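What follows is each chain in one-letter form.
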Amino acid sequence: MSDLDFDRYDRIRPIRWTGDALELLDQRKLPFEVTYVRCETSDAVAEAIAALTVRGAPAIGIAAAWGVVLAASTVDAADGASAAQALEPPIDRLNASRPTAVNLAWALARMRRVLGEAGADWREVIAREAEAISTEDLAANRRMGALGAALIEPGSGVLTHCNTGSLATAGFGTALGVIRAGVAQGRIEQVFAGETRPWLQGSRLTVWELEQDGIAPTLIADAAASHLMKSNKVQWVIVGADRICANGDTANKIGTYQLAIAARHHGVKFMVAAPSSTVDMATPSGDAIHIEERDPGELFGVGGVRTAAERVSAWNPVFDVTPHTLIDAIVTERGVIERPDETAMRAAFS
Ligand SMILES: CSC[C@@H](O)[C@@H](O)C(=O)COP(=O)(O)O
């Protein structure tokens, strides 16, 4: 992918470590306000994750890792093993901040592991590990971008869902990384982004992010997706993931499953792009995934303006599971798995 100048895409950073605090780009306020929230404690990081100040599977894992470093500043311990004991309660609170994206538990497990093995220098060890989790995520995204883009025929149109870009990761993005690479290589001619109700990650975040790169996406209502596919305007749906199971079933933002069904019906290909940190071989299939349900109040209005009548009830699951049989390719930094199933997943990740 020699024609892609990665530094061009290094403008947005949702997570900044200052040495004694974590600054999070407040994604609740985008695209109209670009402000950072300063977190000085691990509990503040856990609250920011729960409130979607920072969001996107890889990004919440990275933020949680820095949350452990913040918690460490309140602990006095001679070695990593004793620090690990003292840090268990804040780590548990970070882990409980959101249930569906496995990257959160994965990053915290990594932090626990290095802590348990560290000696007197345990503070430096965990700070280095948090930095490594972030650096590796950026590298994985760049690699995935190249691998995913190579699957796309020149001149294609693509549809994406939610926000999977720099805002959701350490940088460059997963599905949006594939799209960035595909546009740079002239493979993708048109990008469509679904609004992603109710939180509007598509219209508020993805459109804003792509415009910073000089890519002009076309926003569609989520309900327009099947019609778009029927109109032959897209050849691929490209999405990220919050958890990919041992059989390839994939949890992602609510609405992904119906896109996969519509894509199969219309002969449109369906790609999932995610780092290997999103693969959870301990969860056999999508049935075992805990799907987060958020406050039904998120459905009662738009931008703080109430649109539903008073006293209505609502159900607000924020992720769904796409069965592996509807997925044409899972792309991670380790390679491409076409027509994923348990055998292919085990061959790649065991
Ligand atoms: C690279 S991000 C992949 C997923 O985390 C993304 O598609 C998604 O579903 C994010 O959900 P969110 O609720 O905004 O955290």
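- The chain goes by Methylthioribose-1-phosphate isomerase in an unreviewed UniProt entry, where it is assigned to Cognatilysobacter bugurensis.
- UniProt lists a comment for the chain under the heading Pathway (unreviewed entry), and it reads "Amino-acid biosynthesis; L-methionine biosynthesis via salvage pathway; L-methionine from S-methyl-5-thio-alpha-D-ribose 1-phosphate: step 1/6."

**A word on the sheet that holds strand β9 (residues 250-253)**
Then, number 1: Pairing is mixed across the open sheet formed by 4 strands, whose spatial order is β11-β8-β9-β14. Sheet topology places β11 (279-280) and β14 (319-322) at the edges, where each strand pairs with a single neighbour.
Then, number 2: Both strand β8 (residues 243-245) and β11 contribute to a ladder of 2 bridges, which runs parallel. The residue bridging C245 from the neighbouring strand is D280, located in β11.

**Here's the deal with the packing of helix α3 (residues 80-95) against helix α4 (residues 102-117)**
Then, number 1: Viewed as axis vectors pointing N to C, α3 and α4 meet at an angle of 170°, and their least axial separation amounts to 9 Å. As judged from the angle between their axes, α3 and α4 are roughly antiparallel. Together, G80, A81, A83, A84, L87, I91, L94 and N95 of α3 and L104, A105, L108, R112, L115, G116 and E117 of α4 make up the contact between the two elements.
Then, number 2: Class assignment of the residues belonging to the contact of α3 with α4 gives a composition of 10 nonpolar, 3 polar and 2 charged.

**Overview of the pairing of β14**
Then, number 1: In β14, alternate side chains face the same way, and those of F319 and V321 on one face and D320 and T322 on the other are all buried.
Then, number 2: Note that β9 and β14 share 4 bridges and pair antiparallel. Looking at the pairing, T250 lines up with T322 of β14.

**Remarks on the site of the ligand**
Then, number 1: Lining the immediate environment of the ligand, one finds 17 residues, of which R55, A57, A168, G240 and K253 sit closest.
Then, number 2: If you list the elements that add at least two residues to the shell around the ligand, you get α2 (57-72) and β9.
Then, number 3: Grouping the amino acids of the shell around the ligand by side-chain chemistry returns 7 nonpolar, 7 polar and 3 charged.
Then, number 4: A domain-level breakdown of the shell around the ligand finds at least three residues from each of domain 1 (6-140) and domain 2 (142-349).

**Considering the nonpolar core**
Then, number 1: Within the largest apolar cluster, 102 residues are counted, with the highest numbers of intra-cluster contacts made by V45, A63, A64, V68, V178, V237 and I238.
Then, number 2: The two domains that each donate at least three residues to this core are domain 1 (6-140) and domain 2 (142-349).
Then, number 3: Excluding its chain neighbours within four sequence positions, the residues that come into contact with A64 are V45, I49, L94, L104, A107 and L108.

**With respect to the UniProt feature "active site" (unreviewed entry) in the chain**
Then, number 1: Mapped onto this numbering, the UniProt entry gives "active site" (unreviewed entry) at D242.
Then, number 2: As for its placement among the helices and strands, D242 is situated in the loop between β7 (236-239) and β8.
Then, number 3: Here D242 falls in the buried class, since 30 other C-beta atoms lie within 10 Å of it.
Then, number 4: Sequence-distant contacts of D242, that is, excluding residues within four places in its chain, are made with A57, T100, A101, A251, N252, T278 and F319.

**What about helix α6 (residues 175-184)?**
Then, number 1: Within α6, 10 of the 10 residues are buried, leaving the element largely enclosed by the surrounding structure.
Then, number 2: All of the buried residues in α6 are A175, L176, G177, V178, I179, R180, A181, G182, V183 and A184.
Then, number 3: Following α6 by one or two positions, G186 adopts a phi angle in the positive range, close to 75°.

Parameters and conventions
Residues numbered from 1 in each chain as written. Predicted model: local features only at pLDDT ≥ 70, side-chain atom pairs only at ≥ 80, totals over all residues. UniProt positions renumbered as here; feature names shortened; annotations may be inferred. Pairing = 2+ DSSP bridges. Helix = DSSP H or I, 4+ residues; strand = E, 2+ residues; numbered from the N terminus. Axes fitted to C-alpha atoms, helices over the stretch in contact; angles between N-to-C directions. Parallel < 35°, antiparallel > 145°, perpendicular 65-115°, else oblique. Contact = placed C-beta atoms within 7 Å. Nonpolar A, V, L, I, M, F, W, Y, C, P; charged D, E, K, R; others polar. Buried ≥ 20, exposed ≤ 12 C-beta atoms within 10 Å, placed from the backbone. Near = placed C-beta within 6 Å. Domains from an automatic or database assignment. Core = buried A, V, L, I, M, F, W, Y, C linked by C-beta atoms within 7 Å.

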